[in-house]
Amino acid sequence: MKRNLWAIVLSTVGFFMAQLLPVIMTAQHSLSAHKQDLANLSAADAAASWQGYVESVGEMLGGQNVFVKLAVIILAVTCGVSMFAYLHNRRKVDFYHSLPISRSRLFAMDYATGALCALVPYLVLHALSIVSACAMGFGEVVNASLIGVIASNVIFFCLLYAMAAVTTILCGNTVITLLLGLWVYFGPTLVTALWQGLKSIFFQTYATDATMTSLLFCNKFAPLIQYFGINGTKMHVYTMDYAAGLQESSAIGLLIGYAVAAIVITALALFLFRIRKSERAGTALAFNPIKLPVKIIICVVMGTAFAEIFKMLVYESKLWFWVGLVLGTVIFHCVVEIIYAFDFRAIFRKPLQLVIILAVLCAGLLTMQFDVFGYDKWLPDEGGIAAAAPMNYVGESALLSEPENIAAARQLAALGVESLNNTDENAQTESITVTFKLKNGKVKSRSYKLPVTDEVFTLEKQIYQSAEYKQKAWSLFGLGEVNEGYHRNIVFYTNGDGYNSVGTLGDSQKAQEIIDTLKAETLTHTGDAMPVLRMEFSQENNGDYYSEGAVCVTDKDVKTLALIKKYANIVPKAVSAKNVKLVTLSIYLPDKDIWQGVQVTDRADIDALLKNAVNIDAMNLYGSNAMAYGIMQQFARSSVCLTYTDEKGDEWNASAGYTEEDYPKDIIEKYRAQAEKDAENGVESVQDGDVAYTTEVAVG
C-alpha cells in the first residue's frame, strides 16, 4: 500500500468530494432554509418542511447518492486495472515473477492492496459523514438502513473490481483491457437492446417488453448499470405497469447473488493468474483459446448493431438492414484480426471464419424473418392463463382474473392471429395489445391489428364494461386517501365551456362523497354513456400542489350530478349550436386512402351534428383517457371539427365525439359524395387528415 499511495490519495479525495462534502453542504443549506422557515411559516408548516430537509440529507448519506456510486465505479476499475497492469510489461513481469513468492500469494497481495486502497477511505469517510450529520442536527437519518447502504456499496465495488481484475489478466495490453472492459460492463445491456430491436423488425405482433428505463435497470447481467437502480437493500423496479411506475422491492437476494458472483470471479481471476504465461505480456489477449469466442461475439453484436442502424437511417429499408449486417460483420472481423496481430496486414486473415460467422448470423436472422418458431402465432392455453387484459396503457396491475374476461382477451388474441395474413390495405383495423400473465409467473404481450367487426367490439365491451376492469383500470378507483395536512380539490369542466373551468370544490369531505357516489353509480350501469362533466382532482397544502388525475361524469350518473349541483352549484352545459360558425367533417375515402374535409354550413345539419355531441377537447378524451374515464372505444370515432365562439367572444376549435347510439352517421354520409367530388377535382382539404384519434384511439 506504501507503493500505491496515489490510489489511497485518489480514493480519499474521491470519497471526500462524493460523500462527506455533499452531506455537509446539504445539511448546511437545510439549516439555513429551516431558519427562514421558522421566521416566515407557521410551526406546523416549518415542521413539515424540516422533514423534507431531513430526507435530502438522508439521500446524500444513503443509497441515493449518485456521486458515491460514480466514485465506487471509477475506483473499482482504476484499482482493478492498475494492480495487475504490470502483466502487460515484459520487464515488470520478469521481475515480479522471479521473486521467491508463489503466484497465489502474489495475487492475494496485489488483489488485497487494490481493494484496501479504495475501501478503507470509503469506510472512514462514510463514518465521518455520519458523525457530521449527527453533529449538525440530522441524527434521525442515521438508522439501520445505512448498514445496508454500506454493504451494497462494498459488494458492488468488490464485483466491479473483480471484473476489472479478470479483464486485465485476460489481456496483454492495457488499452485492449479497457476496450474489453467496456464489453464486459455494457455488453449485456447492448445485447438486450439489440434483441428488442430485432423482434420489433421481424415479428408483427411484437409488443415492447419493457420501457427503456426498465431495460437499463433490470438487466441483472449488467451490474454497473444495475447499481444505479439500487438504494441500499431496496431495488427500484421499473415495471410495464405505467400506473404503478417506479416501485421498490427487496434487493437482498440480488446483493447476495452479486456477492457470490464477486467471489466466483475472484477465484476465476486467481486461476487465470496462476496459469497465465509470462511471455504473453504485450499481446492483445493472453489466452489464445478465447480469441475466437471473443471475435464471434464482437462480430455478431456489432454486425447486428450496424444492420439496425442502417435500417433506421435509410427509411426503414430491409435491404439496407442486410447491407449493414454484412458490412458491420466484415469491418469488425477485420478490426479484431488487426488488434490480435497488431498488424494491418492481418485484415485479410481467417476469411473462412468470417464466412462461417456471416452464414450462421444470417441463418439465425432468417429464422426470425420467416417466424420459424411461431412467435407471431403463439397463443397460450386458456387453462394456463392466470390473468389477462387488452393492455393499452393500463398496466400489469389491471390484468383481469375473472374467467369470462380471460376468455374474451384470449379470443381477441386469436382474432389477431387470424388477421395476420390479411392483405386488404383498405380494411379498417384497430391496434390492441393483449397481455397474458401465465400461471408459471411469466408475463407475455402481443400487439395485434384487429378488424373492426361486431365480434371484436362485443369482446372489448365485455371486458371494458366489466366491474373488475373498472375497479382495476379506471383512474376513478385509483384515487387514494387525502394526505395529512392536505385537502382535496375538484375542478369542473363542461362541454360548452371548452378549456375554461366552471368552478372548484375545496371541501375534502364533500369531494369524497362525490367520489364514492360516482364509484357506486359506475358499477351499476353498462353501455356507452355521454360525458357531460369532467372533474380534475388534486391535493393542496399551502401552495404545495399535485395532481391526482381526472374522470368524466356521464348522463347516467344522476346521483353524482345531483351532489355536484348541491355542493358546487354546477350543472352540465352543452356546446351551443348558435355559437358554432361552421362544422368540418373529415371523411375517409378508402379508394384513395385519404381524408377529405368538407365544410357544413347548413343550420339544420349543424343542429343535428351537435344534438348529442361531446366536446372531446373539454372532456380531454384523447387516447388512453377515453377508457380511463370510462368511455367505450366506439365513442372516440369522431370526424367532426367545430369552430365556435364562447360567451367571452373567444373563438375555439374543438373535436366532437358521440356515443355509439348517437353517432350521426346519416348526416356524415350525406356529405360523402361532396368529399369524393372534391377529391376527384383536386380540391385542397379544408381539414388536415392527420387526426389520428378520429379513427383509431389507443384505449384503456
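Here, the structure is the one placed above.
So, how was this worked out
Residues numbered from 1 in each chain as written. Predicted model: local features only at pLDDT ≥ 70, side-chain atom pairs only at ≥ 80, totals over all residues. Heavy atoms only, no water. Helix = DSSP H or I, 4+ residues; strand = E, 2+ residues; numbered from the N terminus. Buried < 20%, exposed > 50% of the residue type's maximum accessible area, 1.4 Å probe, protein only. Contact = heavy atoms within 4.5 Å. Lys, Arg positive; Asp, Glu negative; His and termini not counted. Charge placed at Lys NZ, Arg CZ, Asp CG, Glu CD. Pairing = 2+ DSSP bridges. Axes fitted to C-alpha atoms, helices over the stretch in contact; angles between N-to-C directions. Core = buried A, V, L, I, M, F, W, Y, C linked by side-chain atoms within 4.5 Å. Parallel < 35°, antiparallel > 145°, perpendicular 65-115°, else oblique. Left-handed = near helix turned anticlockwise from the far one by under 90°. Nonpolar A, V, L, I, M, F, W, Y, C, P; charged D, E, K, R; others polar. Disulfide = S-S within 2.5 Å.

Looking at the overall build of the protein chain
A tally of regular secondary structure across the protein chain gives 23 helices and 15 strands. With respect to the principal axes defined by its C-alpha atoms, the protein chain has extents near 105 × 75 × 50 Å. Looking at the protein chain residue by residue over its 700 residues, the buried ones come to 48%. By sequence separation, contacts in the protein chain at least 24 residues apart represent 71% of the contacts at least 6 residues apart. Averaging the locations of the 54 positively and 66 negatively charged side chains of the protein chain gives two centres separated by 15 Å.

Regarding the sheet that holds strand S5 (residues 429-438)
Reading across from one edge, S4-S5-S6 is the order of the three strands in this open sheet, with antiparallel pairing throughout. Unpaired on one side and paired on the other, strand S4 (385-390) and strand S6 (443-451) mark the two borders of the sheet. Neighbour-to-neighbour, the strand axes of this sheet turn through a mean angle of 20 degrees, independent of strand direction. Sheet strands touched by helix H14 (residues 403-418): S4, S5 and S6. Its angle to S4, the strand with the most contacts, is close to 65 degrees. Sitting on the sheet, helix H15 (residues 454-464) touches S4, S5 and S6, and the angle it makes with S5 is about 50 degrees.

Some remarks on the nonpolar core
Residues Phe15, Phe84, Phe157, Tyr161, Ile169 and Phe273 are the most contacted members of the largest nonpolar core, which totals 71 residues. Looking at which element gives the most residues to this core, the answer is helix H6 (residues 145-170), with 13 residues. Ignoring any residue separated from it by four or fewer positions in sequence, one finds Phe84 in contact with Phe107, Asp110, Tyr111, Ala165, Thr168, Ile169 and Phe273. Counting residues in hydrophobic clusters, the runner-up holds 49 residues, among them Leu420, Phe436, Leu438 and Leu479.

A few points about the packing of H6 against helix H10 (residues 252-275)
One way to put it is that H6 packs onto H10 with a least axis distance of 9 Å and a crossing angle of 25 degrees. One way to sum up the angle between H6 and H10 is to call them roughly parallel. Crossing handedness for the pair H6 and H10: left-handed. Residues Ser152, Ile155, Phe156, Cys158, Leu159, Ala162, Met163, Val166, Ile169 and Leu170 of H6 form the contact with H10, whose participating residues are Leu255, Tyr258, Ala259, Ala261, Ala262, Ile265, Thr266, Ala269, Leu272 and Phe273. A breakdown of the residues in the contact of H6 with H10 according to their chemical character gives 18 nonpolar, two polar and no charged.

So, the sheet that holds strand S7 (residues 487-494)
With respect to topology, four strands assemble into an open sheet ordered S8-S7-S9-S10, the strand pairing being antiparallel. In this open sheet, the two edge strands, each paired with only one partner strand, are strand S8 (503-505) and strand S10 (544-554). If you compare each strand with its neighbour and ignore which way they point, the axes differ by 25 degrees on average. Where strand S9 (residues 531-541) meets S10, ten bridges bridge the pair, whose relative direction is antiparallel. Residue pairing for S10: Asn541 is matched across the bridge by Asp544. Where helix H17 (residues 508-522) meets the sheet, it contacts S7, S8, S9 and S10, and its direction lies at approximately 60 degrees from that of S7.

Regarding the state of the cysteines
A full pass over the atoms with the stated rule returns zero disulfides. Free of any disulfide, Cys171 has its nearest neighbouring cysteine sulfur in Cys299, separated by 17 Å. Overall, the relative accessible area of 0% leaves Cys171 in the buried class. Free of any disulfide, Cys641 has its nearest neighbouring cysteine sulfur in Cys552, separated by 19 Å.

Some points on the pairing of S7
A regular strand carries its side chains on alternate faces of the sheet. Of all the eight residues making up S7, seven are buried; the element is thus mostly covered by neighbouring parts of the structure. Pairing between S7 and S8: three bridges, direction antiparallel. Looking at S8, one finds that Ile490 is bridged to Leu505.

So, the side chain of Lys519
Tracing the backbone through its elements, the reader meets Lys519 in helix H17. Filtering out sequence-adjacent residues up to four positions away, Lys519 remains in contact with Leu476 and Phe477.

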